[in-house]
Amino acid sequence: MLGGKNGNFIVAMLLAFVGFFYTNNAVQASERTDQDIQSIIEQVIDWKKQSIGQNVDDPLFSNTYLKDAGNTIADWYPIGMGRIGYDDDYMAYIAMIDRIVTERYATKNKLSETKATEWHRITLAYLASGGDATNVGSGINLIADGTYNRGKTADLGTQGINGLIWGLIALDAMRYEVPKDAHDTRQEIIQRILALQLKEGGFAFDQKKSDVDMTAMAITALAPYYNSEETYHYTNKQAGKQVTKSVRHVIDEALLWLSKQQQKDGDFKSDGKPNLESTSQVVVALTSLHIDPQRDERFIKNTYSAVDGMMKYRQGDGGFIHAKTYNKNNPTSQPDESNSMASEQALYAFVALFRYIEGDRTLYDFRDEQTTKVKNKIYEVEQAIAKLKNQPNLAKQAFVLYKKVPIAERSYVDNYALLEDTFIKERIPFKTASLTANQKQTKRVMTTPSYFHQNKRKDNAITKQDAAAVAELVRQKPSTEQEVTVTKYLKQWKQADNASDFPEEKKLLQQRQQKIDKLKKEIASLNEEILDKLYPFEDLKWSDAKAVKEITARYKALPVNDRKQVIQYEDVEKAEVQINSLRRQRVITVLLVVVVIVLGMSFIIKKRRQKDDEE
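Residues numbered from 1 in each chain as written. Predicted model: local features only at pLDDT ≥ 70, side-chain atom pairs only at ≥ 80, totals over all residues. Heavy atoms only, no water.

### Focus: the overall build of the protein
Looking only at helices and strands, one finds 22 helices and seven strands in the protein. For the protein, the residues scored as buried account for 51% of the 615 residues in total. In the protein, once contacts between residues fewer than 6 apart in sequence are set aside, the share between residues at least 24 apart is 72%. Summing over all exposed atoms, the protein offers an accessible surface of approximately 29,700 Å²; the carbon and sulfur share of this is 51%. (Helix = DSSP H or I, 4+ residues; strand = E, 2+ residues; numbered from the N terminus. Buried < 20%, exposed > 50% of the residue type's maximum accessible area, 1.4 Å probe, protein only. Contact = heavy atoms within 4.5 Å. Areas by Shrake-Rupley, 256 points an atom, 1.4 Å probe, with all protein chains shown as cover.)

Here's what the structure looks like:
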């Protein structure tokens, strides 16, 4: 339920004073320039390419990488890379997501029955790659199904606060308008997040003790409404009491708690252990509020900033580790070996920082960049508000300038809190349009600046070279390794205005896709039969010979590289050897029996002859 101004004036003013004081009083810390950060970002991407056996000059989004598209291990790099305009094969990623999401939507649970974040992660990656999340594949709307209408099939909060946080982030990525008949409104999602705040000021997945990661993520989700004057009346889940707070009030409390968690080297802990990922989430949260992670005094300890804290985990190969010490509960994260998850979070945190330095939109604000005219209006009102510290009588003039900033851009006025507090202190009535109720974007219009190279994202027009490449492709033996390439070409043929000039190639691509689908079904069927008929391999008997022979024949019929997708494919090859060994043993046994019989018969015959001779 939404209502009037927060009555707790003293607390609000105290938080505002602390926030304003710290924001404007920086301490000296090591500071990395945009060129430094750009180099760090590129080296992370180069590390990721090399980690999967690719050349650093080749696209990351290749057949090898995109076999995992639509899953956690493959969807975060497109977000980081796309948000800084790094050149890569984004069309291939979009094409694979179109195909994967369409296939999953044909099943009962679609993307996931319980994890709403499956929709949100794919939404962000798809947007960052240049796609329209409201029109995926054959018209699937991930924003409707994963956020405001998620409750029609499974509650957005089934996954806990995670689903609410990332649902709001996805919804606000393009400031999507929520229809009047939606299951959940933007205000309701915000209020549900606020209600989960813990007594110390932070947030947690288990709702017991505030956690750095979840607190930082909650701040990131709520950041677009920091300047909102709306207050929310709700029951705090932990306390079981009625509360009235604004988003700004909650964020300020969370920031105060978060500041206290920073370690002496600048990094942050989760589960009692300092780590890269927690520190990265804090950097993203700060930049989402337009707070400088390298200068803001609240987040500098012992002259070390949160960015310095991240750099503790950087390796010589350009990647990042999760933590400095080994954790038996996280055996894949070694303290001396770059880790993919840590590296992807470092990647998008440094992208968030780079965008902040460049004056671009925040990491998860995917709208087209602000025009010079809008930036000038924001700068003008910020300068006017800054004067209110000593000249509160100028509040009305500053407010006039504030209202000239488009509603959808007012979250970028960094010091609006001072204007609001001045009005309250001076008892000047004021009212502005609701930030939550005035998000009207419905279509994707994002254009990400390219900071690395010339932006090579081209249109989808089909060329003669494309047609020749398709002809060469279909001359090769079908393999699932061709899936990404075929999917990308089919996407191109679907979108190109001149597709009708190349009808034969489209037919060939469709036929090849059918063959690839058949191969994938065969591999899935083989995996099922191996587990059912051959596993465990060490227990194979002669009676299994027929099953081994049939499965081995089907296995050998697969393209060589596709055999690697078969479960324990090396054991399948060994199974044939094992059965052949059993066959040899059986033959030897039979031969030995025959020899014994022959020798026995010979002995009997010899004895009989001896007896006859004696008679």
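### Quick look at the nonpolar core
Counting 117 residues, the largest nonpolar core has Ile165, Phe350 and Tyr364 as the members making the most contacts within it. If you tally residues by element for this core, the top one is helix 14 (residues 340-358), at 10 residues. Beyond its immediate chain neighbours, meaning those up to four positions away, phenylalanine 350 contacts Ile37, Ile40, Ile41, Val307, Met310, Met311 and Phe320. The next biggest cluster of nonpolar side chains, apart from the first, holds 19 residues, and it includes Leu388, Phe423, Ile428 and Phe430. (Core = buried A, V, L, I, M, F, W, Y, C linked by side-chain atoms within 4.5 Å.)

### Looking at the packing of aromatic side chains
Following the criterion strictly, the structure yields 15 aromatic pairs and no others. Judged by centre distance (6.4 Å) and plane angle (15 degrees), the ring pair of phenylalanine 399 and tyrosine 402 falls under stacked. A residue pair is termed a helical-turn pair when its members lie 3 or 4 positions apart in one helix, as phenylalanine 399 and tyrosine 402 do in helix 16 (residues 395-403) at three residues. Comparing phenylalanine 399 with tyrosine 402 shows no difference in burial state: the two are buried. Ring geometry for tryptophan 493 against phenylalanine 502: centres 6.4 Å apart, planes inclined by 75 degrees, an arrangement best described as edge-to-face. The buried category is assigned to tryptophan 493, whose relative accessible area is 2%. When its relative accessible area of 14% is taken as the criterion, phenylalanine 502 is described as buried. Members of the aromatic cluster, each reached through a chain of ring pairs, are Phe61, Tyr65, Tyr77, Tyr90 and Tyr93. Over the aromatic face of tyrosine 555 sits the side chain of arginine 563, whose NZ or CZ is 5.5 Å from the ring centroid. (Phe/Tyr/Trp six-rings, centres within 6.5 Å; stacked < 30°, edge-to-face > 60°. Lys NZ or Arg CZ within 6 Å of the ring centre and 35° of its normal.)

### Remarks on the pattern of salt bridges
Under the criterion given, the structure shown has 30 salt bridges. Aspartate 155 is the salt-bridge partner of arginine 192, the closest N and O atoms lying 2.8 Å from each other. Of this pair, arginine 192 sits in helix 9 (residues 186-194) while aspartate 155 sits in the loop between helix 7 (142-148) and helix 8 (161-172); the two residues are 37 residues apart in sequence, bridging distant segments of the chain. A relative accessible area of 30% places arginine 192 in the partly exposed class. Given a relative accessible area of 33%, aspartate 155 falls into the partly exposed group. Between aspartate 365 and arginine 175 there is a salt bridge, with its nearest N and O atoms 3.5 Å apart. Taken together, the residues span a long stretch of sequence, with aspartate 365 in the loop between helix 14 and helix 15 (372-386) and arginine 175 in the loop between helix 8 and helix 9 at a distance of 190 residues. (Salt bridge = Lys/Arg side-chain N within 4 Å of Asp/Glu carboxyl O.)

### Quick notes on the packing of helix 15 against helix 16
Two elements in contact, helix 15 and helix 16, have axes separated by 9 Å at closest approach and are oriented at 160 degrees. Relative to helix 16, the element helix 15 is oriented roughly antiparallel. In the packing of helix 15 onto helix 16, the handedness of the crossing is left-handed. Residues Glu380, Val381, Ala384 and Ile385 of helix 15 form the contact with helix 16, whose own contacting residues are Ala398, Leu401 and Tyr402. The residue makeup of the contact of helix 15 with helix 16, split by class, is six nonpolar, no polar and one charged. (Axes fitted to C-alpha atoms, helices over the stretch in contact; angles between N-to-C directions. Parallel < 35°, antiparallel > 145°, perpendicular 65-115°, else oblique. Left-handed = near helix turned anticlockwise from the far one by under 90°. Nonpolar A, V, L, I, M, F, W, Y, C, P; charged D, E, K, R; others polar.)

### Some remarks on the confidence of the model for the protein
Looking at the protein as a whole, the pLDDT averages 86, with 86% of positions reaching at least 70. Ignoring residues within four places in sequence, the model shows residues 1-27, a span with pLDDT below 50, making 50 contacts including any to other chains. Low pLDDT (under 50) marks residues 453-458, which in the prediction has 14 contacts with non-local residues, meaning those over four places away or in another chain. (pLDDT = per-residue confidence, 0-100.)

### Side note on the side chain of aspartate 75
Looking at where aspartate 75 falls in the secondary structure, it is placed in helix 4 (residues 72-82). Engagement of the side chain of aspartate 75 in a polar contact is seen with the backbone nitrogen of glycine 70, the distance being 3.0 Å. A distance of 2.9 Å separates polar atoms of two side chains, one belonging to aspartate 75 and the other to arginine 121. Ignoring sequence-local partners within four residues, the contact set of aspartate 75 consists of Tyr65, Ala69, Gly70, Tyr93, Ile97, Arg121, Ile122 and Ala125. (Polar contact = N/O pair within 3.5 Å; in protein donor to acceptor, adjacent residues only side chain to side chain.)

### Quick word on helix 16
Every buried residue of helix 16 is accounted for by Ala395, Ala398, Phe399 and Tyr402. One side of helix 16 holds all its buried residues, which, seen down the axis, span an arc of 105 degrees. Turning to helix 16, the residues buried within the fold contact helix 15 and helix 17 (416-425). (Arc of directions from axis to C-beta.)

### Section: the packing of helix 20 (residues 503-534) against helix 21 (residues 545-557)
Running from amino to carboxyl end, helix 20 crosses helix 21 at an angle of 155 degrees, the nearest separation of the two axes being 11 Å. Considering their axes alone, helix 20 and helix 21 lie roughly antiparallel with respect to each other. When the axes of helix 20 and helix 21 are compared, the crossing they make is left-handed. Residues Glu522, Ser525, Leu526, Glu529, Ile530, Lys533 and Leu534 of helix 20 touch helix 21, and the partners they reach there are Ala547, Val548, Ile551, Arg554 and Tyr555. Among the residues forming the contact of helix 20 with helix 21, the class breakdown is seven nonpolar, one polar and four charged.

### Concerning the side chain of glutamine 281
Its location among the elements puts glutamine 281 in helix 12 (residues 276-288). What makes glutamine 281 buried here is its relative accessible area of 2%. Contacts of glutamine 281, omitting those with residues within four sequence positions, involve Asp213, Ala216, Met217, Gln345 and Tyr348.

### Re the pairing of strand 2 (residues 231-236)
Direction of pairing for strand 2 relative to strand 3 (residues 241-246): antiparallel, over a ladder of six bridges. Bridged to asparagine 236 within strand 3 is lysine 241. Joining the antiparallel neighbours strand 2 and strand 3 is a turn of four residues, in which glycine 240 adopts a positive phi near 70 degrees. (Pairing = 2+ DSSP bridges.)

### Some words on the environment of proline 406
Inspection of the secondary structure assignment puts proline 406 in the loop between helix 16 and helix 17. Residue class for proline 406 comes out partly exposed when judged on its relative accessible area of 34%. When the C-alpha atoms of proline 406 and lysine 377 are compared, they prove to be 9.2 Å apart, with 29 residues separating the residues in sequence.

### Considering helix 9
Given 3.6 residues per turn, any residue in an α-helix points the same way as the ones three and four places further on. Taking burial as the measure, the nine residues of helix 9 include seven buried ones, the bulk of the element. Within the sequence span of helix 9, burial applies to Arg186, Gln187, Ile189, Ile190, Gln191, Ile193 and Leu194.

### A short note on unusual backbone geometry
The phi angle of most residues is negative, glycine excepted, and most peptide bonds adopt the trans form. Phi is positive for lysine 110, which is not a glycine, with a value near 55 degrees. Here lysine 110 lies in the loop between helix 5 (90-105) and helix 6 (117-128). The exposure class of lysine 110 is partly exposed, given its relative accessible area of 33%.

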